[in-house]
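If you want the building blocks of each chain, they are given just below.
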Amino acid sequence: YAAAALPSLGILPTREGVAYSVFDFGGGSSDFDFGHYRLPAEHEDPDLEQILERHGAAGDRYLGGENLLANLAYRVFQDNLAACLELGAVFTRPLDADAFPGHERIVEQGRYARTNTLVLMSILRPLWETGRMETQCPTVPLFDRSGKRSALQLKIAKSALLDFLEQRIGQGVLAFCVAMQKAYQDAVPDHVHVLLAGNSSLCRQISGYFGLDD
């Protein structure tokens, strides 16, 4: 990504090297990469025109748009736990989410639980992508563990979900900054070009954390 993005942005290599970093925020995870974009030294292969010298890589294996959506759905189900238990509706738990007391009665990994989670994720997608929802009490068709489907009205705590997104994405940005410091061996250059990759980087939280709101 850096090899394609740097020239397209008009960023030219220098003898000393231009520091760059990549924050690749995708659907399933986030990947970080750090290095210098430089001209070859006199002792290097004369056929080389420019070099990307990589200094380190890291990432956040659970920071991805789809996984964030799954966590939002998991939180909504927990907020409506009594109604879900009464209906017998089941749902899944994301790998990075904490269990709760009594989760054994309602959290599964079967097809009905996966379908219920996917249905709620689709309803919550506008909140993730735009920060808005048409209704905060949608009626959702959900399966119980026997395969019977019934409609259930769910209450969605929009502010709490947005707070979760802000906190979780901020955690990923902090991990990115820590990895950057480590990659440059605690001597981070005065100026580093941060390249935002992946569709999830378009979210407003990333714009805020990287000062792009203006």
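Note: the structure precedes this text.
As the structure is a computational prediction, the values presented were derived from the model and not from experiment. (Residues numbered from 1 in each chain as written. Predicted model: local features only at pLDDT ≥ 70, side-chain atom pairs only at ≥ 80, totals over all residues. Heavy atoms only, no water.)

(A) Looking closely at the pattern of salt bridges. Under the counting rule described, the total for this entry stands at six salt bridges. D33 is the salt-bridge partner of R54, the closest N and O atoms lying 2.4 Å from each other. Highlighted residues: R54 in strand β3 (residues 51–60) and D33 in strand β2 (residues 30–38), separated in sequence by 21 residues. Taking the relative accessible area as the measure of exposure, R54 reaches 56% and is therefore exposed. (Salt bridge = Lys/Arg side-chain N within 4 Å of Asp/Glu carboxyl O. Helix = DSSP H or I, 4+ residues; strand = E, 2+ residues; numbered from the N terminus. Buried < 20%, exposed > 50% of the residue type's maximum accessible area, 1.4 Å probe, protein only.)

(B) Helix α4 (residues 111–130), seen in detail. Under the 1.5 Å per step criterion, the end-to-end length of α4 is 29 Å for 20 residues, consistent within 8% with the ideal 28 Å. Taking the largest bend as the criterion, α4 deviates by roughly 45 degrees, centred on L124, and proline P126 comes between one and four positions later. Buried within α4 are the following residues: A113, N116, T117, V119, L120, M121, L124, L127 and W128. The inward-facing, buried residues of α4 contact β1 (18–25), α2 (65–79), β4 (139–143), β5 (149–153), α5 (158–183) and α6 (204–209). (Expected span 1.5 Å × (residues − 1). Bend = angle between axes of the 7 residues up to and from the residue. Contact = heavy atoms within 4.5 Å.)

(C) Summary view of the environment of R38. Tracing the sequence through the fold places R38 in strand β2. On the basis of relative accessible area, R38 is assigned to the buried category, the value being 12%. Expressed as a C-alpha distance, the spacing of R38 and E49, which sit 11 residues apart in the sequence, is 9.1 Å. Once residues within four sequence positions are removed from consideration, R38 is found in contact with P13, T14, R15, G17, E44, Q50, I51 and E53.

(D) Focus on the sheet that holds β3. Across the sheet, four strands lie side by side as β3-β2-β1-β6; this open sheet has mixed pairing. Two strands close off the open sheet at either side, each with one partner strand: β3 and β6 (193–197). When strand polarity is set aside, the average angle formed by the axes of neighbouring strands in this sheet is 20 degrees. As defined by bridge partners, β1 adjoins β2 across eight bridges and the pair is classed as antiparallel. Bridged to V22 within β2 is D33. (Pairing = 2+ DSSP bridges. Axes fitted to C-alpha atoms, helices over the stretch in contact; angles between N-to-C directions.)

(E) Representation of α5 in the model. With 26 residues, α5 extends 37 Å between its outermost C-alpha atoms, agreeing within 8% with the 38 Å of an ideal straight helix rising 1.5 Å per residue. Backbone geometry just after α5 places Q185 at a positive phi near 55 degrees.

(F) Structural detail: the nonpolar core. F25, L124, W128 and I169 are the most contacted members of the largest nonpolar core, which totals 47 residues. Those elements that place two or more of their residues in this core are β1, β2, α2, α4, β4 and α5. Per-element accounting of this core gives the leading share, 10 residues, to α5. (Core = buried A, V, L, I, M, F, W, Y, C linked by side-chain atoms within 4.5 Å.)

(G) Structural context of the side chain of S207. Looking at the element boundaries, S207 is found in helix α6. Excluding residues that lie within four positions of it along the chain, S207 makes contacts with L212 and D213.

(H) Spatial organisation of the packing of α2 against α5. For the pair α2 and α5, the least separation of the axes is 11 Å and the interaxial angle reads 140 degrees. In terms of their interaxial angle, α2 and α5 are classed as oblique. α5 is crossed by α2, and the crossing has right-handed handedness. Each of L68, N71, L72, R75 and V76 in α2 lies in contact with α5, whose residues at this interface are L161, F164, L165, R168 and I169. In the contact of α2 with α5, the residues fall into seven nonpolar, one polar and two charged. (Parallel < 35°, antiparallel > 145°, perpendicular 65-115°, else oblique. Left-handed = near helix turned anticlockwise from the far one by under 90°. Nonpolar A, V, L, I, M, F, W, Y, C, P; charged D, E, K, R; others polar.)

By themselves, these figures tell us nothing about what the structure is for.
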